[in-house]
Amino acid sequence: MTTAHTPSTLRGLIALGLATTPLACQDDAAGTATETAETDPPATGTGDGDTDVLPTTSAGSDSGDDGGEPPPPGDQAEDCDAGDEAFIKRLIPLVQGRKPEGMREVLLLVSMIEQLDAAGVDGRAVVARGLASGPLYLGRWRQFLWEQLRINRIEIKSNLNCYSVTNGPNAGPELAKFIRDNDANGTSFGQKFSMADVLESSLRLDDLSPLYRADMFARMARPLSGANISPEEFEVNARSNFGEIFESAYLGRRSGCLECHNSEESVTFNPDPKQNHFWSIPGKFEAAIYGASKGRPEQELYAAFRVTGFTVEKGGVQAWGMSSCGGFDPGRGGDLLNIPGYLGGKLPAGQHLFDIDPLFKSGFASLAADGLTLEDNLDVGPDQALAYLTATNIVNNVWKELLGHPLTLAHNFPRNAKQREILQNLSEAFVADDYSLRTLITEIAVHPYFNVDAPDLCDTSTPYFLEPVYEPYSITTADPNRRGNNVGDRVQRFSAWVLIESAMRSMWWDLPVGQIAAQDFDYPAIDFLRDTGIFLKDAQNGFNGVDFNGLLAWENRLANGSSPGLKGACTGPLGQPCSQYEWIELMLVAASKTSGTTVRDLAAAIKDRLITEPVIADDGELEAIAAIMGLDPASKMSANDGVALEQGARRYAGLLFNTPQFMLSGVPSRDQDPAAIPKFAVAGTDTEALCKHLAPLILADTYTFTCSADGIKLAKK
């Protein structure tokens, strides 16, 4: 028997007192060349050097030939870090869902990192974990988790009272602790609460397991409806809907794929590591959950999600006393289909979710306390299998959110050894710290692949010096120097909600509305949200890519630099009440009070605000600014009409909203000359105000600090 546990970076920080339609049988045909760069042990092992290979009946190799080309140059891992300024520019949008407040904030946090490093601690880890707290962090990751759990924002499955209306017990971790430590059936928190409260309390506890357990019940309070079908047909459809969401959002598995790809075998596995395209984490997880690694009839798995006879219109048992998310009958009657259920073992007749939740409860608890326990033959307990697959699926999705690509292929297994290594290590850190999202975010932020510099600035043997984690098929290219990845492979558009919120917060415009009631058909700017990629409902499930229609929708709403009128929550300076005026209006006022301000200075301030790039490079850029703003960049602000100044400033902001620098994540602007930062700043965005907001958030009670117009000075208490 083996037990796997890996300490996380954050555990070290704590010790220092610094922190407390499915695709069936994808055969990986795109990867058909011999992978000469992969020399790690084959598909499965214990993760600690054990190279035992699970029995396989279909371990074929991909056919193909690399032409006898040599492997890429360099035998050792190469590093090319982009520096602290690039780190901060990458970190803030991904962790807090907003752009930096210009170079003043970037340089303030760089100074903080440098002083922490000088004190002998990992400054980047401390800053990353600190930013993973507070209202902006809670809001940003609330929206991410909504999309991961497939929470419908509109129409029949939109349960507004359950998911959007809070009842009070969300300001602390107590609610999430209660759910974590108690069964869903027969217990009550003793206070009215909703899933909106559970989500926020789970983020405050920094443990996602209560959220995932509670959501299984909450989503069943609003099943699909059906017309002109029999009760039995409705039940089949409802079970399938809930079951498919469960497999995707929780397990990261699809029944239609297990015949060809499961933890025990795959059609793309090969015992030769150089030709192996299937690197599963060791453990017979599917066998523990489905009863067989190749799965079982879907109707038996989906029987656990019985609706008829279990969900009730009024009364019934409320899971943990959750008052706004439906009631349930824990009895065994009312099963219209009488299909024997199986999920982690045979289920009793008349099965329902109250039979499944205890498995998750015990699995989450034992996994966090003891690590993943594997028998000598790699058998796993069904409770730990459910918890572990859920944990790795969360990890994979968070990695994808932060770095643009998952660590797996469409069948949810890694294609190469490096992908498996990262996925396994991050999963173990996440689990070991009690399913801590803050720990997971920090671990990813300090990973060497997070802050890689552009190839032209890297003194490496080849521009493609990273292992093929982002683009795993690069290993098949004929040119041996291009078989790795580089930072260009992780460039991606920001996820839809982050992209929209970044624009709204930059200009102090209203955010989107999060959800509307099922009977309400007036969702503000729904076409804009849909075309940008927001998950709205099961049939409009969002996207993160770039397409022509999406770009046109974005340009149509933002190119004039005026508020798109999204009618959600208001915004303003960090840590301060909502602003009565837009940032661009207040910027013009602040600039007018600074003697000698030119139109060029206004353009620099807008560039700094939106893309952290106040430097204006050359005369060609000045000509473009003049054409867009309709003003001479060299002219004094006081010599121009006020209306023309505002219109020109808005047009220039609208242009920048549509640039790759604003829309894409992965390669930030080069380090900027501090002298290019405009002398004027809107109140609340100056260095001292930013310091007074950020320092308590990041440094907590560990350091004393002094904020001034010149920055921050800190010392260990």
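Just so it is clear, the model here is predicted, and its values are computed rather than measured.

1. Structural notes on the overall build of the chain
Per the secondary structure count, the chain includes 26 helices and 10 strands. Sorting the 717 residues of the chain into buried and exposed places 56% on the buried side. Carbon and sulfur atoms make up 50% of the accessible area of the chain, which amounts to about 27,200 Å² in all.

2. Some words on the environment of Leu131
Mapping Leu131 onto the fold places it in helix H4 (residues 123-131). Aside from chain neighbours lying at most four places away, what touches Leu131 is Leu91, Ile92, Val95, Gln96, Leu109, Tyr137, Leu694 and Ile698.

3. Focus: helix H7 (residues 174-181)
Since the α-helix packs 3.6 residues into each turn, any two residues three or four apart lie on the same face. Among all positions of H7, only Leu175, Ala176, Phe178 and Ile179 are buried. End-on view of H7: buried residues confined to an arc of 160 degrees, all on one side of the axis. Structurally, H7 contributes buried residues whose contacts are with helix H8 (195-205) and helix H9 (209-220).

4. A few points about the packing of helix H21 (residues 583-592) against helix H24 (residues 642-657)
It is the contact of H21 with H24, at a shortest axis distance of 11 Å, that shows an interaxial angle of 130 degrees. Between H21 and H24, the crossing angle belongs to the class labelled oblique. Between H21 and H24 lies a crossing of right-handed hand. Contacts between H21 and H24 involve Ile584, Glu585 and Leu588 from the first element and Glu646, Ala649, Arg650 and Ala653 from the second. Residues belonging to the contact of H21 with H24 are distributed by class as follows: four nonpolar, no polar and three charged.

5. A few points about the packing of aromatic side chains
On inspection of all chains with the given rule, the structure shows 26 aromatic pairs. Between the aromatic rings of Phe328 and Phe354, the centroid separation amounts to 6.4 Å while the plane-to-plane angle is 85 degrees, which identifies the pairing as edge-to-face. Here Phe328, found in strand S5 (residues 327-328), pairs with Phe354, found in the loop between S5 and helix H14 (357-370); they are 26 residues apart in sequence, far enough to count as distant. For the ring pair Tyr449 and Tyr470, a centre distance of 6.3 Å and an interplane angle of 50 degrees mean the geometry is tilted. Of the two residues, Tyr449 sits in the loop between helix H17 (437-445) and strand S7 (492-493) while Tyr470 sits in the loop between H17 and S7, which places them 21 residues apart along the sequence.

6. A short note on the confidence of the model for the chain
The predicted coordinates of low-pLDDT regions are not to be read in fine detail. Confidence in the prediction of the chain, expressed as mean pLDDT, is 90, and 89% of residues score 70 or more. Residue range residues 26-74 is modelled with pLDDT below 50. Its contacts to residues more than four positions away, or to other chains, number 136 contacts.

7. Concerning helix H20 (residues 548-558)
Every buried residue belonging to H20 is among Gly550, Ala553, Trp554 and Leu558, and all of these are buried. The buried side chains of H20 occupy one side of the element, clustering within an arc of 105 degrees when seen end-on. Seen from the buried face of H20, the exposed residues on the opposite side, beyond 90 degrees, are Phe548 and Asn556. Against the buried residues of H20 lie helix H18 (496-507), helix H19 (526-532), H24 and helix H25 (660-663).

The rules we used
Residues numbered from 1 in each chain as written. Predicted model: local features only at pLDDT ≥ 70, side-chain atom pairs only at ≥ 80, totals over all residues. Heavy atoms only, no water. Helix = DSSP H or I, 4+ residues; strand = E, 2+ residues; numbered from the N terminus. Buried < 20%, exposed > 50% of the residue type's maximum accessible area, 1.4 Å probe, protein only. Areas by Shrake-Rupley, 256 points an atom, 1.4 Å probe, with all protein chains shown as cover. Contact = heavy atoms within 4.5 Å. Arc of directions from axis to C-beta. Axes fitted to C-alpha atoms, helices over the stretch in contact; angles between N-to-C directions. Parallel < 35°, antiparallel > 145°, perpendicular 65-115°, else oblique. Left-handed = near helix turned anticlockwise from the far one by under 90°. Nonpolar A, V, L, I, M, F, W, Y, C, P; charged D, E, K, R; others polar. Phe/Tyr/Trp six-rings, centres within 6.5 Å; stacked < 30°, edge-to-face > 60°. pLDDT = per-residue confidence, 0-100.

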